[in-house]
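Close look at the chain arrangement
The primary structure of each chain is shown beneath.
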Amino acid sequence: MQTESGLTIITVPFSRDDAEQLDAEDPLRRLSDAFDLSGGVIYLDGNSLGPPPKQALARLQHTAADEWGRDLIRSWNAAGWFDMPKTCGAKIARLIGAPAEDVIVSDSVSINIFKLAAALHKRNGGAIAVYENEFPTDGYILQGLAALTDAELRRPNPADNSLTDDIGVLLVSAVDYRTAAVADIATMEAQAANAGVSIIWDLSHATGLLPLDLAGDGARYAVGCGYKYLNGGPGAPAFLYARGDGAALDQPLTGWMGHADPFAFDAAYRPAEDARRFACGTPPILSLSALDAALDIFDDVDLNDVAAKAQRLGDLFLSRALAAGLRTVSPLPGERRGGHVSLRFGHGYEVIQALIARGVIGDFRAPDLMRFGFSPLFLSYADVWAAADALIDLLKTEDWRRPEFTRRGKVT
Ligand SMILES: Cc1ncc(COP(=O)(O)O)c(C=O)c1O
């Protein structure tokens, strides 16, 4: 079979029996009960919007009805609302290998990138760099920051040796949102340390999927989102990690929640001494409570098991797609990959719509990528086998050519 580079490769052999055997041995199998994926859907989009854990729905109901509805404003203290950005941050810290006190949940990834990059640019000076293939918002935000500060914006190709000492801040995704290629955090941090570059890691496609060890790898700054593998809900708040010296960084969105003592109502801003200085305005408690409950699923989960299962699920699907003649931009079966695979197909949008009509939900990334996510907490190997069957059948019958599958929504 042909890969994107034209190479012929030998794929991992799989059969439906292999898939069922892997399900029988799967240490994560018990976790699928934590989700209610009723309706016969095979959900291959947990890398974009994780499905609701039952306990997150129950918590939402409790927070809304009891904490808000009954206890009213008393809940800021009594239910721990005020501290949630930090208590929730501590749960995420465990997943990314960071000290609990260095992580805070706040705002969106976009806004956290702005706060962190602006603080680091103010300290380091130099050019602001973001690889050309990064998720658009990362580049857009840094473009805005460069314009605001008159800094040079660089968009290097990741293949070039771009860690030069005239760069102050570089933004890198730990897992590429299109290809699922995985960055080598420790190696890049060692190079960055030599060049005096501060790297901000975008962990959106890595958190809750890969066993990260940011502190061990020398990574000092990161952001990531709560609504993908963390299953925190649509628009769940994001997180920000600033190691150690984070308390010496001046971020520009100096809202009252980042003040050392918000309820002193001082006239002048004085930043908190810890990661809370990266907070800005009032935290969204309903969203935070859903994320907080969703994070508890990871309490007794070994992320090595999660990463290994995502790799195998992706290998299974990719092997079959390649054997059916599709091309991929993702690492090949057997090569290290994040939790999704992307297949290149000119009519990818239509194929994804046709698959959704058959109950297999993936997504489309312009101009021609069909993206399938393999979130290991709720998917079985048999699910992924059946999804590959559906894709292969669609390609054979060309059922995707039906006119209803060409209609485009605002979100793809
Ligand atoms: C790598 C990456 N960064 C950032 C975002 C989005 O950030 P925000 O939370 O600001 O919407 C996404 C969304 O899919 C993403 O994949």
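One numbering rule holds for all chains: residues counted from 1, following each sequence as written. Selection of residues for local features in this predicted model requires a pLDDT of at least 70, selection of side-chain atom pairs for listing and counting requires 80 or more, and totals for whole chains, interfaces and linings are taken over all residues.

**Structural notes on the overall build of the protein chain**
The secondary structure listing takes helices from DSSP runs of H or I that are at least 4 residues long and strands from runs of E that are at least 2 residues long, numbered from the N terminus. Scanning the protein chain for helices and strands turns up 11 helices and 13 strands. Each principal axis of the C-alpha distribution contributes one length, and for the protein chain these read about 70 × 55 × 40 Å. Residue burial is a threshold on neighbouring C-beta atoms within 10 Å of the residue's own C-beta, all placed from the backbone, with 20 or more meaning buried, 12 or fewer meaning exposed, and counts in between meaning partly exposed. Burial analysis of the protein chain (412 residues in total) assigns 49% to the buried set. We call two residues in contact whenever the C-beta atoms placed from their backbones are within 7 Å. Excluding contacts between residues fewer than 6 apart, the proportion of contacts in the protein chain whose partners are at least 24 apart in sequence is 71%.

**Quick look at the site of the ligand**
Close contacts around the ligand come from 13 residues, with Ser108, Val109, Ser110, Phe135 and Ser204 the closest. The set of elements that each furnish at least two residues to the shell around the ligand consists of helix 5 (109-124) and helix 6 (136-149). Each residue is assigned to one class: nonpolar for Ala, Val, Leu, Ile, Met, Phe, Trp, Tyr, Cys and Pro, charged for Asp, Glu, Lys and Arg, and polar for all the others, Gly among them. For the shell around the ligand, a count of residues per class yields five nonpolar, six polar and two charged. To decide nearness, the C-beta atom of each residue is placed from the backbone, and the residue is near a molecule or strand if that atom lies within 6 Å of it.

**Examining the sheet that holds strand 2 (residues 103-105)**
In this scheme, strands are said to pair when DSSP sees at least two bridges between them. If you trace the seven strands from one edge of the open sheet to the other, you get 2-8-7-6-5-3-4, paired in mixed fashion. In this open sheet, the two strands that pair with only one neighbour each are strand 2 and strand 4 (153-154). As paired elements, strand 6 (residues 198-202) and strand 7 (residues 221-224) share three bridges and run parallel to each other. Counterpart to Trp201 in the pairing with strand 7 is Ala222. Axes here mean lines fitted to C-alpha atoms, for a helix over just the part in contact, with angles spanning 0 to 180 degrees between N-to-C directions. Set on the sheet, helix 4 (residues 84-96) makes contact with strand 2, strand 7 and strand 8 (239-242); between it and strand 2 the angle comes to about 125°. Taken strand by strand, helix 7 (residues 185-195) contacts strand 5 (167-173) and strand 6, and its axis lies near 155° from that of strand 6.

**Let's talk about the pairing of strand 8**
Covered by surrounding structure in strand 8 are Phe239 and Tyr241 together with Leu240 and Ala242, the residues of both alternating faces. Of the strand pairs in this sheet, strand 2 and strand 8 are connected by three bridges, and their pairing is antiparallel. Bridge pairing in strand 8 links Val103 to Tyr241. Relative to strand 8, strand 7 is paired through four bridges, and the arrangement is antiparallel. Residue pairing across strands places Tyr221 opposite Ala242, the latter belonging to strand 8.

**Here we look at helix 9 (residues 303-323)**
When the terminal C-alpha atoms of helix 9 are compared, their 30 Å separation across 21 residues agrees well with the 30 Å that a helix rising 1.5 Å per residue should span. For helix 9, the tally of buried residues reaches 17 of 21 residues, placing the bulk of the element in the interior. In the stretch just after helix 9, Gly325 is the one whose phi turns positive, near 100°. Each helix should span, by expectation, one fewer than its residue count multiplied by 1.5 Å.

**Some details on the domain arrangement of the protein chain**
An automatic or database domain assignment supplies the start and end points of every domain. If you check the domain split of the protein chain, you get domain 1 (16-52 + 302-406) and domain 2 (82-299). Distance from the C-alpha centre of domain 1 to the C-alpha centre of domain 2: 29 Å. The interface of domain 1 with domain 2 comprises 28 residues on the first partner and 20 residues on the second. Among the elements of the structure, helix 9 and strand 10 (340-344) are those that each provide at least two residues to the side of domain 1 that touches domain 2. Considering every element that reaches the side of domain 1 that touches domain 2, the biggest residue donor is helix 9, with five residues. Here the side of domain 1 that touches domain 2 is composed, by residue class, of 14 nonpolar, 11 polar and three charged.

**Overview of the sheet that holds strand 12 (residues 363-365)**
The four strands are arranged 9-10-13-12 in an open sheet whose pairing can be described as antiparallel. Each end of this open sheet is capped by a strand with a single partner; those strands are strand 9 (327-328) and strand 12. In this structure, strand 12 lies alongside strand 13 (residues 369-373), joined through three bridges in antiparallel fashion. Across the sheet, residue Asp363 finds its bridge partner in strand 13, namely Arg371. Packing of helix 9 onto the sheet brings it into contact with strand 9, strand 10 and strand 13, and relative to strand 10 it is tilted by some 15°.

**Some points on helix 11 (residues 381-397)**
For helix 11, spanning 17 residues, the distance from its first C-alpha to its last is 24 Å, which sits close to the expected 24 Å at 1.5 Å a residue. For helix 11, every residue scored as buried is listed here: Tyr381, Asp383, Val384, Trp385, Ala387, Ala388, Leu391 and Leu394. Buried residues belonging to helix 11 abut helix 1 (16-25), strand 1 (42-43), helix 9, helix 10 (348-357) and strand 11 (360-361). Looking one or two places after helix 11, you find Glu398, whose phi comes out positive at around 55°.

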